Structures are given as C-alpha cells and as structure tokens.
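A look at the structure
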Amino acid sequence: MNDPTNNSRAIRSWLGHGALAACVLSSLALAGDKSWLIKAHKIHTAAGDTIEDGFLQVTDGRITAVAGVSMGGGGDMLEVAAVTPGLIDLSVRIDLGFDSVEQSTETPASLDVENGIDLWDPRFERELKSGVTTVVVSPPDRAVIGGWSLALKTGGPPTLEKRRVAPRVALRAAIGDEPSDGNRPAFGQPDSFYNRRPTTRMGVEWVLRKSFYDALAARKDAALATDETRAFEEVLAGKAPLFIAASTTQDIRTACFLQREFKLPRLIIDAAAEAWKDPQMVVQSGAAVVLPPFSFGGRGGVDGAFHAWNTAALLHERGLTIALSGHNSIERGDRLAVQPGLAMHGGLPFDAALAAVTINPARMAGIDGRVGSIATGKDADLVLWDGRPFEPSSRIVGVLLDGELIVDPRTQK
Amino acid sequence: MLLPALLTTLIATAATPANRAAPATPAGPLAIRAHKAYVGAGPAIEDCVVLIDDGRIREVGRGVRVPDGTPLVEHAGVLTAGLVACGSYDGIAGGTTDVTRAYLPEARLADAFAPAHPDFERLLTAGITTVVLVPRPENVIGGVTAVVKTSGGTIVKRDAQLAVALSTNALLFNREPTSYAQALVQLDALLARPQGTLARAKAGELPVLLQVDPEHEVARALAFAKKHGLKGALYGAERAGEMAAEIRESGLGVVFHPLGLGSDKRARRSVVALSEAGVPFAFALEAPDHSPEDLRLSAALCVRAGLPVEAGLQALTAGAARIAGVADKLGRVERGLAADLVLWSGEPLDLASRATHVYVDGVLVHSAPSAAPAKD
C-alpha cells in the first residue's frame, strides 16, 4: 500500500493525510450532498498512476484529496472496488437534428452549436447514468463546416451557464459522403440553379480549402475578413482544433492533406474507423484520433468504413493520441463505458484504454484543467466500479457529477 | 340561426342577431340581472345588475337600481365577461405562412382579417367575443397580431404583438435560416439596427409573442428576450410551469395552447404551477384546428388539476385581455369597458353549462334555448 521507498507517493500520502483530516472535518460541518469520502481498492487516476486501497475526498463538488492512507471514520463514506474519472465522449451526437446545423450555407463557421441544443434531452441523462459525465456536442455533419462545438456536462441544472465546461472547443468540419449526399436530387440531375453544392467529395474538399484560402487572404487584407474567416483564423493560429469527421481511408487522407497544406497546428479526426490502414500518414499529420464505437460486425459508421478490433492498439503503438466514442448509441454494447474493454480485446493496454475515455479527450478539447483525471482541485466527476473497470464482468455501481451522487453504489448491490 | 320565441319575449329590445360582417346596430340601454356574476376581480357577486348603454358597461353591482324604462333581462344563471381567445387562426383570408421569407416584421394580421367568415359565428356560440389573430409559428417573424371582435368586424387593436417564432416549425429546410443558431444570429442583427415594428418592440412599445414549445426553445426565448429587453408573452410553452421561476423573472406572460381531453397531465399541472408562481397566463384557441369549446375546456381541465376556478376564468377573460394589451377596453365586467357579456346556463367551467346569450358591444349577437342543446 504505502511504499516508503517511493518519495513522491510518501509525500503525497502525508499531504493527503493532513488535507483529508481537514476535509473530513469540513464535510461533517457542511454535511452537504456534494461531499464524500470514497474508499476504493483501486483509484485509477488517469494522471499516470493507480492508488491501491486509497481514499478520495470530495468536498463541495470538487476533489480535495487523493491519498493512499486509510482514515478512521469520516462523513458519508462510499466503499467500492475501483474508481475512474468520469468518462468523456468527444463525439456524442446528441443534437436536434437538422435544427442544429445551418444549411443555407456550406460554411456557417461562426455559428455556435450551443444555440441549437436541447439540455432537457433525456439522452444526456442516459449518458450520465452510464458513466459519461462530459461530452462534446457538434453540429450534425450536414454542412461542410458546421460551426463551433461545445463541451458540457451531462447533468446538473439545465442551463448553459451551469453545464458548459467550455464553449468553442473545436471547429466542426465534415468530409466524406454526408455533407454532399443530401445535395443530390433523389432522381436525375440537379434541375435548378438553386440546388445546393457541393454534390461530390471533391466539391466538399474544395469548399474546405477555399475557406482556408479566404482566411489566409483576410490575413493580408483586413477588408476581406468576415465572421467565417475569423473562425478559420482561430484554427489556422492553433487556438482551436479543427474537428473533422472522416471515416474511410480516402477521407482520412484528405484530412491529412489539409493539415499539410495549411499547416494546421491542431487537428482531430473524428469517427476515423479506417485510420489503421495508413497510420503513418496520420502520425505525420500530428492529428489526434477519435474512434467510433466498435461494432461486432466490424463495419459501422458512415460509408461502410471497416473498423478493425486492433485499430486502437495499433494507433497507440504508433504514439497517436486516441479517444474512444460511443456516438450515443442506444445499443448497450456500443456505449462508451464498454469501448475501452473492446479496445483492450484488440490489444490496447489498460492504462491507454482508460486514457482514451478520460484524459486524452479532455486534452484534445482543452478542458483537462477541470475534468479528465482524478487530481486535487478537479471537478468531482467519478465513476465507481464493482470490479476492474471496462471488464465485461464488472459493473458501474456509482456515478458522481460535480460531487452529486447520480448513481448510488449503496443501492446497487 | 333561429331565435326561440321564449327568449324574444324576455328581451324587450328588438335584439335580432346582427349580421356578423356588418357593423352592429347602435345598442340602446339595457339592464341584466344575473343570479351570479364573475366580474373579473374579487369574488363573484350574487344578484348582480349590469347596466349597459351605447355599447359600454355603465354600472355593475348588487342592488344597482334599474332606471325606469330600461329593458331588464332576468338571468337565473351566471354572467361573465366575453371570453378572449389569445391566439387563433379564424377568419383569415389566405395563409399566414410565407414559405419563401422567414422574416415578415411588417406583415399585419389585421390585413388578413375576414369578419364575414363563418368561423366567427361558431366562436360566439362558445361565448368567445374577442380573439387575437396570430400567424402560425412558421415564420421566424410572423407579423403583427391583431385583436378583433367576433361580431361586428371591429378591430380592437391593429398592432397587438410582434410574433416571433423561435420554433422548429419556423426552421424550414429550403429557406434561411435552417437552424436555431442562425435564426438567433439574424434576429440579433435585425435588433442591432431595428426599424419599424422591430424598433417599437425593442423600445418596449410593442410586446412580442414568442412562439416556442419544448423547454429548450423556452430557455432560448427567455435568453433572447432578456438580451434585447423585450416585453410580452411566450406562446405555447407546454412545460412552462416547470420553469416558472425563470419565467417570472423574465416578466413575460404565457399563452398556452388549448388543452384537449387527451392532453398531457404534465401540461395541466404546468398551468397550475405557473398560476401559483403568479405569472400572467391565458389560453390560445387555434381554431379552426380546435373546436371553440376547447377554450373553456382548457381552463376546466386545469381546474381539475388544481387551478382555482377564479384563476381559470381570469385566464379566459381579464388575464387574456391583459396579455393581448386590451385590458383598458374589455375583459372585465366593469364600468367603462365594452359590454361584451356572456350569460351562462350554469357555472362557466362546468362543461354542461352553455352560453345562452352573448352580447358584443351591448348587442345580443347569439342566443340559444336553455332547454335544448345548442346548435352548432
């Protein structure tokens, strides 16, 4: 438990001990619903270590101490087999369908998806109860550039002020069939001047490249700047990532070509099922990758992209930063909490699988200051397990969101 | 419509149903003594006398003396002010949805008002004497609503509210905007340099009617109204009662869709909760999609869910007139206001009761036999 030869562990234990004592006292005094003492056989912090037989103090919605020493007594104590940070899904796809994406232009890049979502949507609660505490919501892929994605909590009071973790975490783009598919008439050729363009993959790519060229032109001539070029400038300057949906090999290649042509500092490729086919290209682009849910048939997502079991393991071995996603599937077997287990089945080590649903997506969205790992000062978003996390034999028995007990392990026996 | 002989004998004045399209004949003095009257504020008055002259109410109260020579109508039932439907599509010539343009800030519903339309006779049979004509929520800005009488072709208020639909119904796939986000951006731009009706709305002179339904639309509309300092009411908002605190803070009222027998229990409780929070509210009728009796039914179902009877009646009369911005002209049985009155065979929110006599501006415009079911 406590290894006296491990200095940092010993120091943290000592610090934790003092902090814990103080916290236990304060939690007794507050007796609030958002303060807990959690005892776990294993605390998987996702910050680089696992604490055995440790304690975790939550005070008023935040993590106030993590320690490897046992405490006598305490306030409201929860005792479980394992704790992980709350899970994070970067591609949750809970939106209002076409009402959440503007289609009067292919590049409504200055729009915020937060103005077109439904915080009362029961799907958020379903995610929360299955352990997903933070999600990134993007406009549906019906415009080439759909606008700004938003990071928010899956529970709490239904206001943007309370749930928003960060606005404008990424600029959403889509290549592949989705943004052009619906532009073609059901029968025959487009028969009107007013038909939407593009109608092909090439056309989609051209819309994207033109947008970046326009932004570059606006750098030289301020008179050319528009709300849209300013959005692209954020991406060009690396202030926000381009979050681009690309499933098949050809679309992933297109994303990588874009990165190379415009030297995009931050690129995230979403739903990149076929990233295993040419991983070196993705490595060279410096992109991070979000994988769609593993399905038992292998084929899933758009364009029938083939998602191999070992995709996550293979990308991890190449040093890529990966995140897993459940795409808000209604299938229990597709939910985010089971994705790490499936990736492990394909050869991904446990620590990497944990990171792929916690700290990696937090870093990709730039919200790791608040969520993504178990560390003092972070939001108390936690998942409590009755066994080794992500194993088919284990269950989620508890979920905390900002210290609030959403799923109570004491009633899950 | 045929007037039963029995009733004509009761009414000394030569009250024949006026042609709905034509202006009402000037009404002579009249007195009504009702067994019970809900006058719009305070408790019901027993044996209440209402004196009417020149289309207006001159005197109200128990023991008011009826001047010699004034015809007196004795009514054994209940008297209320004429009902006000806070949103309807009746008698509108042509559609109110422009599928090519999402913003119609200068369109006026008064221009589409067709007083001779047979819809209005049906409304009168249900005791509805005033309606607010609203556009369907299919344009982001649908136009300016109008308050009209159901008899006589009177336009009470030509520019009542500016209808703004922050609703999925206004987001068509073939017209800009197609998304909530773009609709908000465009509305913000219009209100940044407002002209015409938008300038009047922004200055607080013209109330807005924010057509919204699910909670997220209500939340968006509240934020929008707050941002631009808009006054007025939400329209729709079935779950408004679950957000009563936020709505009260906004200062907006609420116009609910009519409730049918199959309506959601949550929707009825929502009305009760909103009433308890002290938010002004009323009901729309949305005829001809709904039967005229659905207005009374809406309030009755809320009473069943716990709403006090007085609050239910208030929502159909004075409260509705207030939201429509015509409370200084009608909606209560009060000296100086229009003599729009309904005589009910029993309690108005008892669905077995019927409107036996309906007066608009002091003129008897509808009467039905008390012994037989009303003809539609």
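Just so it is clear, the model here is predicted, and its values are computed rather than measured.

Turning to the overall build of chain B, a few remarks are in order. Broken down by element type, chain B carries ten helices and 17 strands. Within chain B, the fraction of its 376 residues that count as buried is 57%. Carbon and sulfur atoms make up 53% of the accessible area of chain B, which totals about 14,700 Å².

For the rest of this paragraph, the subject is the overall build of chain A. Each helix and strand in chain A was counted, giving twelve helices and 15 strands. Among the 413 residues that make up chain A, the fraction classed as buried is 57%. Look at the contacts in chain A between residues 6 or more apart in sequence, and 68% of them connect residues 24 or more apart. Per element, the accessible surface of chain A, about 16,900 Å² overall, is 52% carbon and sulfur.

Residues and elements named next belong to chain A. Per the stated rule, a full pass over the model turns up eleven aromatic pairs over all chains. The interplanar angle of 75° and the centroid separation of 5.3 Å between the aromatic rings of Trp-385 and Phe-390 together place this pair among those described as edge-to-face. With respect to class, Trp-385 is no different from Phe-390; both count as buried. Members of the aromatic cluster, each reached through a chain of ring pairs, are Phe-212, Tyr-213, Phe-232 and Phe-262. The ring of Phe-350 is capped by Arg-388, whose NZ or CZ atom sits 4.3 Å from the centre of that ring.

So, on to the environment of His-35 of chain B. All names here are of chain B. Here His-35 lies in strand S1 (residues 30-38). When the C-alpha atoms of His-35 and Cys-48 are compared, they prove to be 6.5 Å apart, with 13 residues separating the residues in sequence. Excluding residues that lie within four positions of it along the chain, His-35 makes contacts with Ile-45, Glu-46, Asp-47, His-75, Ala-76 and Gly-77.

Turning our attention to the nonpolar core. Residues and elements named next belong to chain B. Counting residues in each nonpolar core, the largest one holds 106 residues, and the members touching the most others are Leu-234, Ile-247, Val-254 and Phe-283. For this core, the two domains that each supply at least three residues are domain 1 (5-82 + 331-367) and domain 2 (84-324). If near-sequence neighbours (up to four positions away) are discounted, Val-254 is found in contact with Ala-233, Leu-234, Ala-237, Ala-240, Ile-247, Leu-274, Val-279, Pro-280, Phe-281, Ala-282 and Ile-323.

Right, let's get into the interface of chain B and chain A. Often the size quoted for an interface is simply the accessible area lost on bringing the parts together. Of the residues lining the interface, 16 residues belong to chain B; the matching set on chain A comes to 16 residues. Interface area for chain B against chain A, summed over the two sides, is near 1,200 Å², with a carbon-plus-sulfur share of 57%. Looking at the side of chain B facing chain A, the largest losses of area belong to Thr-178, Ala-181 and His-216 of chain B, adding up to 37% of the total buried there. The tally of links between chain B and chain A comes to zero salt bridges. At the boundary of chain B and chain A, one finds nine residue pairs in polar contact (both at pLDDT 80 or more). Among the elements that line the side of chain B that touches chain A, the one with the most residues is helix H3 (residues 180-192) of chain B, at five residues. Class assignment for the residues of the side of chain B that touches chain A results in eight nonpolar, five polar and three charged.

What follows is about the environment of Thr-97 of chain B. All names here are of chain B. With respect to the secondary-structure elements, Thr-97 resides in the loop between strand S5 (83-88) and helix H2 (119-125). In this structure the C-alpha to C-alpha distance between Thr-97 and Ala-170, which are 73 residues apart in sequence, comes to 9.4 Å. Excluding its chain neighbours within four sequence positions, the residues that come into contact with Thr-97 are Arg-136, Glu-138 and Asn-139.

Before going further, it helps to examine unusual backbone geometry. Residues and elements named next belong to chain B. Of note, the bond from Glu-176 into Pro-177 is cis; its omega dihedral lies within 30 degrees of zero at 0°. By secondary structure assignment, the location of Pro-177 is in the loop between strand S10 (162-165) and H3. Ala-287 connects to Pro-288 through a cis peptide bond whose omega is 5°. Relative to the helices and strands, Pro-288 is located in the loop between strand S14 (281-283) and helix H8 (294-304). Residue Glu-286 is not a glycine yet carries a positive backbone phi of 55°. Positionally, Glu-286 belongs in the loop between S14 and H8. At Asp-361, a position not held by glycine, the phi torsion is positive, near 50°. Considering the arrangement of structural elements, one finds Asp-361 in the loop between strand S16 (355-360) and strand S17 (363-367).

Residues and elements named next belong to chain A. Across its 20 residues, helix H5 (residues 201-220) extends 29 Å between first and last C-alpha, which sits within 8% of the 28 Å expected from 1.5 Å per residue. Every buried residue of H5 is accounted for by Gly-203, Val-204, Val-207, Leu-208, Ser-211, Phe-212, Ala-215 and Ala-218. For H5, the secondary structure elements touched by its buried residues are strand S7 (145-153), strand S8 (164-174), helix H4 (178-181), helix H6 (227-236), strand S9 (242-245) and helix H7 (249-262).

We now examine the confidence of the model for chain A. Overall, the predicted model of chain A reaches an average pLDDT of 88, with 88% of residues at or above 70. Note on residues 1-31 of chain A: pLDDT under 50 across the span, and 40 contacts to partners over four residues away in sequence or across chains.

Helix-helix packing: each pair is described by the crossing angle between the helix axes and the interaxial distance. Residue and element names in this part refer to chain B. The geometry of H8 relative to helix H9 (residues 309-316) is characterised by a closest axis approach of 9 Å and an angle of 155° between their N-to-C directions. Between H8 and H9, the angle is such that the two are roughly antiparallel. For the pair H8 and H9, the sense of crossing is right-handed. Side by side, H8 and H9 meet where Leu-295, Arg-296, Ala-299 and Val-303 of the first sit next to Val-309, Gly-312 and Leu-316 of the second. Residue classes in the contact of H8 with H9 are distributed as five nonpolar, one polar and one charged.

Another aspect to go through is the pairing of strand S6 (residues 128-133) of chain B. All names here are of chain B. Where burial is concerned, most of S6 is hidden: six out of the six residues are buried. In terms of strand pairing, S5 meets S6 through four bridges, oriented parallel. Bridge pairing in S6 places Val-84 opposite Thr-130. Where the polypeptide runs from S5 across H2 and back to S6, its parallel neighbour, the crossover connection is right-handed. As paired strands, S6 and strand S8 (residues 146-149) are joined by four bridges and run antiparallel to one another. Within S8, the residue paired with Leu-133 across the bridge is Ala-146.

What counts and how
- Residues numbered from 1 in each chain as written.
- Chains lettered and ligands numbered in written order.
- Predicted model: local features only at pLDDT ≥ 70, side-chain atom pairs only at ≥ 80, totals over all residues.
- Heavy atoms only, no water.
- Helix = DSSP H or I, 4+ residues; strand = E, 2+ residues; numbered from the N terminus.
- Buried < 20%, exposed > 50% of the residue type's maximum accessible area, 1.4 Å probe, protein only.
- Areas by Shrake-Rupley, 256 points an atom, 1.4 Å probe, with all protein chains shown as cover.
- Contact = heavy atoms within 4.5 Å.
- Phe/Tyr/Trp six-rings, centres within 6.5 Å; stacked < 30°, edge-to-face > 60°.
- Lys NZ or Arg CZ within 6 Å of the ring centre and 35° of its normal.
- Core = buried A, V, L, I, M, F, W, Y, C linked by side-chain atoms within 4.5 Å.
- Domains from an automatic or database assignment.
- Buried area = accessible area lost by both parts, 1.4 Å probe.
- Salt bridge = Lys/Arg side-chain N within 4 Å of Asp/Glu carboxyl O.
- Polar contact = N/O pair within 3.5 Å; in protein donor to acceptor, adjacent residues only side chain to side chain.
- Nonpolar A, V, L, I, M, F, W, Y, C, P; charged D, E, K, R; others polar.
- Expected span 1.5 Å × (residues − 1).
- pLDDT = per-residue confidence, 0-100.
- Axes fitted to C-alpha atoms, helices over the stretch in contact; angles between N-to-C directions.
- Parallel < 35°, antiparallel > 145°, perpendicular 65-115°, else oblique.
- Left-handed = near helix turned anticlockwise from the far one by under 90°.
- Pairing = 2+ DSSP bridges.
- Right-handed = clockwise from strand over helix to strand, strands pointing away.

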